[in-house]
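Structural features, examined
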Amino acid sequence: MSAQGQWEIVIGLETHTQLSTVSKIFSGASTAFGAAPNTQASAVDVALPGVLPVANKGAVERAIRFGIAIGGVINRRSVFARKNYFYPDLPKGYQISQYELPVVQGGSLSIFTKDGEKTVQLTRAHLEEDAGKSLHEDFHGMSGIDLNRAGTPLLEIVTEPDMRSSEEAVAYAKALHGLVRWIGICDGNMQEGSFRCDANVSVRRFGGPLGTRREIKNLNSFRFLQQAIDYEARWQIATLEDGGTIQQATVLFDPDKGETRAMRTKEDAHDYRYFPDPDLPPLVVSEAWIERVKGELPELPQARRERYQRELGLSAYDAGVLTASREMADYFEQVANGCGDAKLAANWIMGEVSAWLNRLGFVSDTPIADCPIDAATLVQLLKRIQDGTLSGKMAKEVFADIWNQPLQSQGDTVDAIIDKRGLKQLSDAGAIEKIVDEVLTANARSVDEFRAGKDKAFNALVGQVMRASKGRANPAQVNDILKKKLSA
Amino acid sequence: MFQASLKALSAALAAKQISSVELTRGLLERVARHSALNAFITVDAQKSLAQAAAADARIARGEAAPLTGIPIAHKDIFCAKGWLTTCASKMLSNFTAPYDAHVIERFNAAGAVILGKTNMDEFAMGSSNETSYYGAVKNPWNPDYVPGGSSGGSAAAVAARLAPAATATDTGGSIRQPAALTGITGIKPTYGVVSRYGMIAFASSLDQGGVMARSAEDAAMVLGAMSGFDTRDATSLERPAEDYTRELGAPLKGLRIGVPREYFGEGLSADVGAAVDAALAQFEKLGAKRVAISLANSALSVPAYYVIAPAEASSNLSRFDGVRFGHRAAEYGDLAELYCRSRAEGFGAEVKRRILIGTYVLSHGYYDAYYLKAQRIRRLIAQDYAEAFKVCDLVLGPTSPSVAFRIGAKAADPVQMYLNDIYTIAANLAGLPAMSIPCGFGAGGLPVGLHIVGNYFAEAKMLGAAHQYQQATDWHAQTPKGFEA
């Protein structure tokens, strides 16, 4: 939803990305998802008396990787702080996070919407531990606590309030999602909670001061993110237009009702009593460590985007879409290299491939991974367009065929399917000429009209020829031959 | 046997003149005989004797380490697997530790025997051992007097010869002050030398484990066994293992002892002052050189400490919420009530007071004025010592402003109680090693302690100086009446 009338929507996002370490951020327990409750909670995670946290180097290294990828500042010295509050799934009575001195500050991320490219500035990214899970059903009036997730490493990535529509917010979330997976710091699995967004939303009259924000918590799908922001912005605008005011609050989005509702207001906000955690010395990151991480980073999306534009002649938009995820970019490069025509590859991936993925409602975070047509197969198909065997229209039919019944199961090649379906384009000039002759004879009136100056009649004749060839005639050749015959 | 030094016991065990089972049984009987001291919260003869038997077998195999077979009493703040570990609080009165603290692991690996878990102030908050849920500990020199705190049980046990040595912890003086008040030797090493893993936290940036023993020589042996790097404590220092006995024979000649003028002014009782003066003279007689120094910010140490320690404690003690372990109220209507009642019932008054102070100083709007300012003072105090160590090797003075006081005498006045630690707190704020050794007797025939502070990692030097003093004096060899045999 874009701005409504005189109102401007202002959005900032805080994203919790679960870092892909094998063990937790302050203990040696496993982070694997789905284990039986409390089987992956060590003495440290349960916060037994006397236990102490020790920072996981792998988690720190992932934060460094992120900081480099977004062009932020990696603080050579950052500080773990305690955020104090009581909750049964927070075993220590405080969460270890970073407060005044986060590991990463600044940086930015480019996003692409229908309005073009935009840069979202990042405020900071800090390391922290996740809490456990409270389960309120199935315990006969009691609550169950599962501490498997307690201590899971998170990187909380905070933006400036730079986004102006839910589309932009979703574009940012998708770009960030693509990036954290691209650099291998997060598996991006949104169903399992590995990537969750909090959206700070406010509205203001254009040119006016920033409005009061409400924070929508824990949005774990791009669709919910969009719906929640849209609902929230509409609600705020309606409230203000009715003469009401917005109270700063934390709200939850109910996906079933499509509504946000207040969880707590500023008045009952916690005083978290942050202070540096005395159990953990300041986190010191050396220059050498940063350099090593830098050297191990893959080519980043921004670099690839620029390369696609510079070397392959793609538009900024196309380059942006094709680098949304590393899988997508790799798929594109394989197809482009295989067929030798980057623009053809881009058109097909952004056209047919994306359309089919969307149509079939793939909700995965990396749709291309769900594409049943691998890059090599798509290359075979595109080559048949290039050599004139297939028209674009025919190629789409073959594509649909392979999509519905993947080649492996058909035990076939693309060429065999073209043969089997008789879809081979008629490119034999003699055969086409024969059809053209028949059509010209049978449609003398159209011929006369054309000669009288009615250009439309030409198209009618082309149509007749295509029909007569059951759509198989090479349209370019049909055009040529028709023109030649009519001008003879 | 109960008067024998740890070193002598070690030799006797190695020579099979005595078995660990005999020694352990004898000490357990002694602990039972003197149960009126209330020095122990938990004894478990079966467990202790099983360890003793294993130690004897190890000695028989010829695989003994110096501490193999030696019974050690442990402050009930150290988690020991299978042992009730209460921190002297109702909150943990039902808590059996499922794991060993690093310190306990070290003693177990050395083949030492856990003699029992000693009484203490609740969560180590106190200077008299009166805040224990398990009742006050009596000073062996006079049962109407406090043994000091928070490690009062360990101090009383060692002073009464119930154990050759005991572990303890020191956050603001909790090893040194009770050592002084019971006439024994206690050392708190440099922050980070002893792992805090499994040592129930009071104030993480100040807490440090250490030893209480009857002599500097014994303390050096035990400290060597319990210290060392631990990957599970991020504040543990990665340094090569040290032999803390290596300077025991070093003569005092040329040693520069710094005497801070601030420690001999108002507040110091005359009897303690006299004993300390005599001790300083003895050091000079042994060849040490006295240097007048100033610790200008020392008056700020108590207020800074009573901001930082409660702040950390308020957060450290949040895990005691009645949810996963420890005391839970029998009745509660909702979550808030579960928390409130469990904590109201589980914690004693002094713990609650410190949680309240700590919560207050960390609150929004007060943090800068209290916590940040206290941290700045902390740096100034460390700087004072850094300056002092440019002109002297050790800083000497009184450990406590007075000898032991009557049970109940200061219980109603927290500020008076807090001033007990006026000379000891600075070492915790600066992270410096510090110890107390007996140096005479004051009013009522109660012991006086001499405080020795060294530069970082100067434990061996401090222990050496203390040992030289103990070679020339016999204050450390005095036994309270009724505990001689």
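Residues numbered from 1 in each chain as written. Chains lettered and ligands numbered in written order. Predicted model: local features only at pLDDT ≥ 70, side-chain atom pairs only at ≥ 80, totals over all residues.

Points about the confidence of the model for chain B
The predicted coordinates should not be examined in detail at positions where pLDDT is low. Model confidence for chain B is summarised by a mean pLDDT of 97, while 100% of its residues fall at 70 or above. The ipTM value of the predicted complex is 0.96, and its pTM value is 0.90. (pLDDT = per-residue confidence, 0-100.)

Notes on the interface of chain A and chain B
Interface size is commonly expressed as the accessible surface area that is lost when the partners come together. Contacts between the two partners involve 24 residues from chain A and, on the opposite side, 32 residues from chain B. Of all the elements in the fold, those that place two or more residues in the side of chain A that touches chain B are α1 (43-46) and β4 (80-84) of chain A. Looking at side-chain class alone, the side of chain A that touches chain B contains 16 nonpolar, three polar and five charged residues. (Contact = placed C-beta atoms within 7 Å. Helix = DSSP H or I, 4+ residues; strand = E, 2+ residues; numbered from the N terminus. Nonpolar A, V, L, I, M, F, W, Y, C, P; charged D, E, K, R; others polar.)

Structural notes on helix α3 (residues 166-182) of chain A
Here α3 of chain A is 17 residues long and its end C-alpha atoms lie 24 Å apart, about the 24 Å a rise of 1.5 Å per residue gives. Burial runs high along α3 of chain A: 15 of the 17 residues are buried. (Expected span 1.5 Å × (residues − 1). Buried ≥ 20, exposed ≤ 12 C-beta atoms within 10 Å, placed from the backbone.)

A short note on the pairing of strand β9 (residues 394-398) of chain B
Side chains on a regular strand alternate between the two faces of the sheet. Residue and element names in this part refer to chain B. For β9, a buried count of five out of five residues is recorded, marking the element as mostly surrounded by other parts of the structure. Examined bridge by bridge, strand β7 (residues 256-260) and β9 share two bridges and lie parallel to one another. Among the inter-strand pairings, Ile257 is bridged to a residue of β9, identified as Leu394. Pairing of β9 with strand β11 (residues 447-454) involves five bridges; the strand directions are antiparallel. Within the sheet, the bridge partner assigned to Gly397 lies in β11 and is His451. (Pairing = 2+ DSSP bridges.)

A word on the sheet that holds strand β16 (residues 275-276) of chain A
The three strands are arranged β5-β4-β16 (chain A) in an open sheet whose pairing can be described as antiparallel. Either end of the sheet is taken by a strand with one partner, and the two such strands are β5 (94-98) and β16 of chain A.

Considerations on unusual backbone geometry
All names here are of chain B. Across the junction of Gly149 and Ser150, the peptide omega takes the value 10 degrees, indicating a cis bond. With respect to the element layout, Ser150 can be found in the loop between β3 (113-118) and α5 (152-159). The phi angle at Ala124 is positive, at roughly 70 degrees, despite the residue not being glycine. In this structure Ala124 comes out as buried when scored by C-beta crowding, with 30 C-beta atoms within 10 Å. Phi angles above zero are rare outside glycine, and Asn129 is one such case at about 60 degrees. Of note, Asn129 is situated in the loop between β3 and α5.

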